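Survey of secondary and tertiary structure
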Amino acid sequence: MMQIIGKSAELQLEKDVSTRYLPVVIAAMIFLAALAIGGLFSLSNAISDWSATLTGNLTVEIAFDPTADLDKKVTDAVELLSKTPGVAAARAIEQEETLKLLEPFLGRNAALGDLPIPRLIEVIIDEDSAIDLAALNEKLGEAVAGARLDIHRPWLDKMVLLGRSVQILAAAIMLLIGAVTVIIVIFAVRTGLIMHAEVIQVLHLIGARDQYIAEQFQNYFARLSFLGALPGLIVAIIVMFIFNFLVGSLEASMLPPLSLGVEGIIALLLLPLMVALLTRFTVRRVVLGSLERMM
Amino acid sequence: MVRFENVGMRYGLGPEVLRDISFHLQPGSFHFLTGPTGAGKSSLLKLLALSHRPSRGLITLFNKEVSSLARDDLPAMRRKIGVVFQDFRLLDHLSALENVALPLKIAGAKNSQIYQHVAELLEWVGLGRQVDAKPPTLSGGEKQRVAIARAVINRPQLLIADEPTGSMDAEMGLRLMYLFQELNKIGTTVVVATHDLGLIKRFGNPVMFLKDGMLTTRKQDELPSQFSRDGG
C-alpha cells in the first residue's frame, strides 16, 4: 500500500507549495459529494417505501348517498373483495374511525355527523400477487353502486416524479463535483510538471521511462486526494447525523430523516477510494500526455 | 557507434543553431568538442544525449537511426549513454550514494547489487568517505565526481561531458581527465566539450571544432591560442 500511495522519491512533490491546499479543496468536494450521495440514496429509499406502502395498501371509497343503505353496500363490497384472489384482507373502516381522521383538519367540536362522508374499506394486497387493479375497480363498480377503488396512483406518480427529478439533480451535482475535482487536479499536476521540468529531464536522460515519472506524480496526488477525502467524508457524516437528530426532534415533521441503506453507506465509504482512483487515473493521463511532447 | 549526416537543429521556429553537421565517432574513441561561446556545443551534446531531436539530417546511434525510434525505445538507448552536465544536475535531497544509484534503480536493478556496486564506484572516484553526504554539502569538484559516477554507473558505451573541468582547479581537472581516459581504455567512447584549450593540447585527442553552428575537424596546432569574446 505504501508503494502505491508513497512519497515521490526523486521529484519531492511533497515540497511543492502549489499542491499544499489540494487536500482542502478535495475535502470540500467530498463533503458536497457525500451530502449528494446521502440525498440520492435517501430519496431512492423513500420512493421505494412509498411505492411499496401505497401499492400494498388500497382504499375502497363508497360515495355518500342519503337514499341508499351504505352499511349493506360496505358489506357487499367487503365480501366481494375478500373473495378476490390476491387480496389478503379487506376491512371496513368504521364511521367513528373515519371521523377521527378528519379531526385534525376540522376540529374536534365540528358537527361531523352531518357531513356527507363516504364510507371507506381498507384493502391489503398479497405480496407478490399480480392483481389487475383496473379490472377489480370495474368489477367493484358494477357490483356496488358508487364504489371506487382508490389506488393512489396519480399522487404516487407525482411523488415518484418529484423524487426522481431530485435524484437526477443530485447525480448531476455529483458529476459536476467530479468534473471540478478533475480540473483542479489537472491544474496542480501541470504546475508540478513545470516546477520539476529539470529533474524530469535528468530522469529521462538517465533512462527513466515515462511510466516511472508518471507513477511518482500519480502516487503522490492519489495520496493527497485520499487524505483530503477522509476529513471531508467525516464532516459530511457528522452533518447527516445532526440533520437526522434535528428531524427526529421535530414532531410530525414534513422532512423525512436521511436513510442511506446499505448501498448508500457502502457508496459513502467508497468515496475516498473512488476519488483517489479518479485522481490517479487523471494524473497518469496528464503526465504521460505532457511527457510525450518532450523527447 | 555515432554518425551524424547533414544534421541541422533549431529551437522552435528560431534560426538554425547547428548546420550541416556530419561526423563519425568510432567505438572506443576519445574526442574533444570545442568552440567559442554560442557556437552550438551544448546543442550538439543535447542531440548526442537524445535530449532533443534534430530538425533535419540523420543521426545514427549504436546502429539505430534516431528519428525512427519509438518513444518506448528511447530509455534503453539512453541507458547506453552517460551524461555529465556542466551544472552537475544532482538531486539535492538524495545522498551521493543515492544519486549515483539512481540509474541502476531506474533500470530495475536489485538493491543488494546496487549499493555494493555504487559504493565501489564512489571509492574509485575518491568519495568513499562521502557516500552519505548530500550535494549541497559537497565542493564543486566533489559534486562533479558524483555526477561522473552517476554517468558511468550503467557502464555506458558513450560518455558525454559538458565542461567537466569548469568548476574545479587545474589539478582536479587533470585527475578528472585521467578518469575519463581510464573509462576510454575499457572501451567507452568519450566526448568532452570544453573551452579549455590547454587541456585539449595536453591530451592530444582528436578535436571537433564548432563555430557558428558549423563543425570542422582540426589538428592540435590549428587551434587558436584562446577564444576571444566575439567568438573564434
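Sequence order as written defines the numbering, with residues in each chain counted from 1. As they are written, the chains are lettered A onward and the ligands numbered 1 onward, keeping that order. Per-residue local features are limited, in this predicted model, to residues with pLDDT of at least 70; the limit for side-chain atom pairs, both in listing and counting, is 80 or more; totals at the level of whole chains, interfaces and linings are taken over all residues. Side-chain measures were taken over the full set of non-hydrogen atoms in the model, leaving aside hydrogen atoms and water.

1. Some words on the overall build of chain A
Numbering of helices and strands runs from the N terminus, with a helix taken as a DSSP run of H or I at least four residues long and a strand as a DSSP run of E at least two residues long. The helix and strand tally for chain A stands at nine helices and four strands. The quantity called the radius of gyration is restricted to C-alpha atoms. Its globule counterpart is 2.2 Å times the number of residues to the power 0.38. Since a compact globule built from 295 residues should have a radius of gyration of about 19 Å, the 31 Å found for chain A marks it as more spread out than a globular shape. Counting over 295 residues, chain A shows a buried share of 38%. Contacts in chain A between residues at least 24 apart in sequence constitute 84% of all its contacts with a sequence separation of at least 6. Calculation of accessible area relied on Shrake-Rupley with a 1.4 Å probe; when residues are assessed, cover is drawn exclusively from the protein chains displayed. Total accessible area computed for chain A in this model is approximately 16,700 Å², and 66% of it derives from carbon and sulfur atoms. For the charge count, each Lys or Arg is scored as positive and each Asp or Glu as negative, with His and the chain ends excluded. Taken as the charge location is NZ of Lys, CZ of Arg, CG of Asp or CD of Glu. Across chain A, the centroid of the 22 positively charged side chains sits 13 Å from that of the 30 negatively charged ones. Exposure classes here rest on a 1.4 Å probe applied to the protein chains alone. A residue is buried below 20% of its type maximum, exposed above 50%, and partly exposed in between. Residue contacts follow a heavy-atom distance rule, with two residues in contact if any of their heavy atoms lie within 4.5 Å.

2. Remarks on the overall build of chain B
The number of helices and strands found in chain B is seven helices and 10 strands. Whereas a compact globule of 232 residues would reach a radius of gyration of roughly 17 Å, chain B reaches 18 Å, a difference of no more than 12%. By principal-axis analysis of the C-alpha atoms, chain B measures approximately 45 × 40 × 35 Å. Taking all 232 residues of chain B together, 52% fall into the buried category.

3. Structural notes on the interface of chain A and chain B
Listed by partner, the interface residues are 20 residues for chain A and 23 residues for chain B. Values labelled buried area give the accessible surface lost by two parts on being combined, using a 1.4 Å probe and summing over both. Both sides of the chain A and chain B interface together cover about 2,100 Å² of buried area, and 59% of this is carbon and sulfur. By definition, a salt bridge exists where a carboxyl oxygen of Asp or Glu is found within 4 Å of a side-chain nitrogen of Lys or Arg. There are two salt bridges connecting chain A and chain B. As a salt-bridge pair, Glu-10 of chain A and Lys-105 of chain B come within 2.7 Å of each other at their nearest N and O atoms. Distance and chemistry together define a polar contact, namely a pair of N or O atoms within 3.5 Å, with one atom able to donate a hydrogen and the other to accept it when in protein, and with adjacent residues in sequence counting only for side-chain atoms on both sides. For the pair chain A and chain B, the interface holds eight residue pairs in polar contact (both at pLDDT 80 or more).

4. Here we look at the UniProt feature "transmembrane region" (unreviewed entry) in chain A
All names here are of chain A. UniProt positions are given in the numbering used here, feature names are shortened, and annotations may be inferred rather than shown by experiment. The UniProt record marks residues 21-41, 168-189, 224-246 and 258-278 with the feature "transmembrane region" (unreviewed entry), using the residue numbering of this structure. Annotation note: span residues 21-41, helix share 95%, strand share 0%, distance between end C-alpha atoms 30 Å. Counted over residues 258-278, helix gives 86% and strand 0%. Its end C-alpha atoms are 27 Å apart.

5. Focus on the nonpolar core
In this structure, Val-118, Leu-122 and Phe-180 of chain B are the most contacted members of the largest nonpolar core, which totals 45 residues. Side-chain atoms within 4.5 Å link the members of a nonpolar core, which is a set of buried Ala, Val, Leu, Ile, Met, Phe, Trp, Tyr and Cys residues. With 42 residues, the next largest nonpolar core counts Ile-30, Val-189, Ile-213 and Val-287 of chain A among its residues.

6. Brief notes about the packing of aromatic side chains
All names here are of chain B. Between rings of Phe, Tyr and Trp, where Trp is taken as its six-membered ring, a pair exists when centres lie within 6.5 Å; planes separated by under 30 degrees are stacked, by over 60 edge-to-face, and by other angles tilted. Enumeration over the complete set of coordinates arrives at five aromatic pairs over all chains. Measuring from centroid to centroid gives 5.5 Å for Phe-30 and Phe-32, while their planes differ by 55°, and the two rings are tilted. Summarising the burial analysis for this pair, Phe-30 and Phe-32 share the class buried. Taking the centre distance of 5.6 Å and the plane angle of 55° together, the rings of Tyr-178 and Phe-203 count as tilted. Taken as a pair, Tyr-178 in helix α6 (residues 170-185) and Phe-203 in helix α7 (residues 197-203) lie far apart in primary sequence, 25 residues in all.

7. Focus on unusual backbone geometry
All names here are of chain B. Phi at Phe-88 takes a positive value of approximately 65°, unusual for a residue other than glycine. Relative to the helices and strands, Phe-88 resides in the loop between β6 (81-84) and α3 (96-106). For Asp-212, which is not glycine, the phi torsion reads 50° and is therefore positive. Here Asp-212 lies in the loop between β9 (207-211) and β10 (214-218).

8. Description of the sheet that holds strand β3 (residues 119-125) of chain A
Residues and elements named next belong to chain A. For two strands to be treated as a pair, DSSP must find no fewer than two bridges joining them. The antiparallel open sheet is built from four strands, whose spatial order is β2-β3-β1-β4. Looking along the sheet, the strands with just one partner apiece sit at the ends: β2 (87-93) and β4 (147-150). The average undirected angle you get between the axes of adjacent strands in this sheet is 25°. Packed onto the sheet, helix α3 (residues 70-83) meets β1 (57-62), β2 and β3 and runs at close to 10° relative to β3. Orientation is described by lines fitted to C-alpha atoms, with helices fitted over the stretch in contact, and by angles between N-to-C directions that extend from 0 to 180 degrees. Contacts from helix α5 (residues 133-143) reach β1, β3 and β4 within the one sheet, and its direction differs from that of β4 by about 160°.

9. Looking at the environment of Gly-56 of chain A
Of note, Gly-56 of chain A is situated in helix α2 (residues 22-56). When neighbours within four sequence positions are excluded, Gly-56 of chain A is seen to be in contact with Val-123, Ile-124 and Ile-125 of chain A.

10. So, the sheet that holds strand β4 (residues 56-61) of chain B
Residue and element names in this part refer to chain B. Strand order in the open sheet formed by four strands is β2-β1-β4-β5, and the pairing between neighbours is antiparallel. In this open sheet, the two edge strands, each paired with only one partner strand, are β2 (16-25) and β5 (64-65). Bridge count for strand β1 (residues 2-10) against β2 is six bridges, and the pairing is antiparallel. The residue bridging Met-9 from the neighbouring strand is Leu-18, located in β2.

11. What about the packing of helix α5 (residues 140-152) of chain B against α6 of chain B?
Residue and element names in this part refer to chain B. Contact pair α5 / α6: the axes reach a minimum separation of 12 Å and the direction vectors enclose 10°. Classified by the angle between their axes, α5 and α6 sit roughly parallel to one another. For the pair α5 and α6, the contacting residues are Gln-144, Arg-145, Ile-148 and Val-152 in the first and Met-172, Arg-175, Leu-176, Leu-179, Phe-180 and Leu-183 in the second. Here the contact of α5 with α6 is built from residues that sort into seven nonpolar, one polar and two charged. Geometric relationships in this document are graded by angle, where less than 35 degrees denotes roughly parallel, more than 145 denotes roughly antiparallel, 65 to 115 denotes roughly perpendicular, and other angles denote oblique. When residue character is reported, Ala, Val, Leu, Ile, Met, Phe, Trp, Tyr, Cys and Pro are called nonpolar, Asp, Glu, Lys and Arg charged, and the others, Gly included, polar.

12. Some thoughts on the side chain of Ser-43 of chain B
Residues and elements named next belong to chain B. Along the chain, Ser-43 falls in helix α1 (residues 41-48). A relative accessible area of 7% means that Ser-43 is categorised as buried. With sequence-adjacent residues up to four places away left out, Ser-43 is seen in contact with Met-9, Tyr-11, Val-17 and Leu-18.

13. Side note on the side chain of Lys-41 of chain B
Residues and elements named next belong to chain B. Structurally, the position occupied by Lys-41 is in helix α1. For the buried Lys-41, which has no salt bridge, the nearest side chain bearing the opposite charge is Glu-163, at an N-O separation of 4.6 Å. In contact with Lys-41, not counting residues within four places along its chain, are Leu-33, Thr-34, Gly-35, Pro-36, Glu-163, His-195 and Leu-210.

14. Let's talk about the environment of Leu-205 of chain A
You can see Leu-205 of chain A is positioned in helix α7 (residues 197-205). Its relative accessible area of 5% is what places Leu-205 of chain A among the buried residues. The residues touching Leu-205 of chain A, leaving out its near neighbours within four places in the chain, are Ala-49, Leu-50, Ser-51, Arg-78, Ile-81 and Phe-85 of chain B.

15. Concerning the domain arrangement of chain A
Where each domain begins and ends is defined by an automated method or by a domain database. By domain assignment, chain A separates into domain 1 (2-51 + 156-292) and domain 2 (64-145). Computed over C-alpha atoms, the centres of domain 1 of chain A and domain 2 of chain A are 53 Å apart.

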